[in-house]
Amino acid sequence: MSFLAGGAEGGPVCQPSCFVTGECNEQGSQAANAAECPAAPALPANGSRIPVPMGLGCAEIRDRKACCHLVDGRADPPYGGQACIPARRNTWYEVGDDITSIVCQPECWATGECGDGGNQDARRGFCEKPKVTSLPESALVSQEGATVKPGERLRFY
């Protein structure tokens, strides 16, 4: 179960119960500030994005996949309404001394166009799945014994 507890800029963030009890954070018990988290909104399946709930920013999101379905929930520019962009797999955005937990940021922040994070292109991930295509029937590709037959699917990265 998750609970609301303090987050960046003082806003509430859903955290695992071990965070609230102090078992998995350095701040100790957060029980005095905790309340049960609201139900998570259903993420759209059609590629559209919804605002981060409760007027929070992208940086409060801890799931790269969910990040791809959201826009920054703050009302004010430059962040409000910006598409949330995940960090690359196995890396995080550098935010001051915190380089181990921020996996989602507004697009303008991740590209260095707003905020104070600088250009983080080397850490920026992608939301799209790799493109998969079929070879034309007339194609035959061979490389030292490895053959791709006509009509087979290839992934290009």
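Since we're looking at a predicted model, the values are computed, not measured.

### Regarding the overall build of the protein
Okay, step 1: A count of helical and extended segments in the protein gives three helices and 11 strands.
Okay, step 2: Reading the protein from its N end, one meets helices and strands in the order β-β-α-β-β-α-β-β-β-α-β-β-β-β.
Okay, step 3: By residue count, 30% of the 157 residues in the protein fall in the buried class.
Okay, step 4: Expressed as a percentage of contacts within the protein between residues at least 6 apart in sequence, the contacts between residues at least 24 apart total 36%.
Okay, step 5: For the protein, the accessible surface area stands at approximately 10,200 Å², while carbon and sulfur atoms represent 51% of it.

### Section: the environment of arginine 123
Okay, step 1: For arginine 123, the location among the structural elements is in the loop between α3 (107-110) and β8 (132-134).
Okay, step 2: Along the chain, arginine 123 and asparagine 90 lie 33 residues apart, while their C-alpha atoms are 9.5 Å from each other.
Okay, step 3: A distance of 3.2 Å separates the side chain of arginine 123 from the side chain of threonine 91, its partner in a polar contact.

### Considerations on unusual backbone geometry
Okay, step 1: Here the residue pair proline 77 and proline 78 is connected by a cis peptide bond, since its omega of 5° sits within 30 degrees of zero.
Okay, step 2: As for its placement among the helices and strands, proline 78 is situated in the loop between β5 (70-71) and β6 (84-86).
Okay, step 3: At methionine 54, a residue that is not glycine, the phi angle is positive and equals roughly 60°.
Okay, step 4: By the element assignment, methionine 54 lies in the loop between β4 (50-51) and α2 (64-67).
Okay, step 5: The class for methionine 54 is partly exposed, based on a relative accessible area of 45%.
Okay, step 6: Here asparagine 90, not a glycine, exhibits a phi torsion of approximately 65°, which is positive.

### Overview of the environment of glutamine 82
Okay, step 1: Along the chain, the position of glutamine 82 falls in the loop between β5 and β6.
Okay, step 2: Between the C-alpha atom of glutamine 82 and that of valine 71, which follows or precedes it by 11 residues, the distance is 5.3 Å.
Okay, step 3: For glutamine 82, the contacting residues outside a window of four places in its chain are Cys58, Val71, Asp72, Pro106, Glu107 and Cys108.
Okay, step 4: Side-chain polar atoms of glutamine 82 contact the backbone nitrogen of cysteine 108, separated by 3.0 Å.

### Observations concerning the state of the cysteines
Okay, step 1: One pass over the structure, following the stated rule, counts four disulfides.
Okay, step 2: There is a disulfide in this structure between cysteine 108 and cysteine 114, and the S-S distance comes to 1.9 Å. Between cysteine 108 and cysteine 114 the sulfur-sulfur dihedral comes to about 65°; the bridge is accordingly right-handed. Of the two residues, cysteine 108 and cysteine 114, neither departs from the other in class, the shared state being buried.

### Section: the pattern of salt bridges
Okay, step 1: In total, this model carries three salt bridges according to the counting rule given.
Okay, step 2: The partner of aspartate 72 in a salt bridge is arginine 74, with the nearest N and O atoms 2.8 Å apart.
Okay, step 3: Overall, aspartate 72 belongs to the buried group, its relative accessible area being 2%.
Okay, step 4: A salt bridge links aspartate 121 to arginine 124, with the shortest nitrogen-to-oxygen separation between them at 2.7 Å.
Okay, step 5: Under the relative-accessibility criterion, aspartate 121 is labelled partly exposed at 34%.

### Here we look at the confidence of the model for the protein
Okay, step 1: Across the protein, the average pLDDT comes to 76, with 56% of residues at or above 70.
Okay, step 2: Between residues 1-5, whose pLDDT stays under 50, and residues either more than four places distant or in other chains, the model counts 35 contacts.

### Here we look at the side chain of glutamine 105
Okay, step 1: Within the fold, glutamine 105 resides in strand β7 (residues 104-106).
Okay, step 2: Glutamine 105 sits in the buried class, given a relative accessible area of 7%.
Okay, step 3: Residue contacts for glutamine 105: discarding those within four places in its chain leaves Cys58, Ala59, Ala83, Cys84, Ile85, Tyr93 and Val95.

Analysis parameters
- Residues numbered from 1 in each chain as written.
- Predicted model: local features only at pLDDT ≥ 70, side-chain atom pairs only at ≥ 80, totals over all residues.
- Heavy atoms only, no water.
- Helix = DSSP H or I, 4+ residues; strand = E, 2+ residues; numbered from the N terminus.
- Buried < 20%, exposed > 50% of the residue type's maximum accessible area, 1.4 Å probe, protein only.
- Contact = heavy atoms within 4.5 Å.
- Areas by Shrake-Rupley, 256 points an atom, 1.4 Å probe, with all protein chains shown as cover.
- Polar contact = N/O pair within 3.5 Å; in protein donor to acceptor, adjacent residues only side chain to side chain.
- Disulfide = S-S within 2.5 Å.
- Salt bridge = Lys/Arg side-chain N within 4 Å of Asp/Glu carboxyl O.
- pLDDT = per-residue confidence, 0-100.

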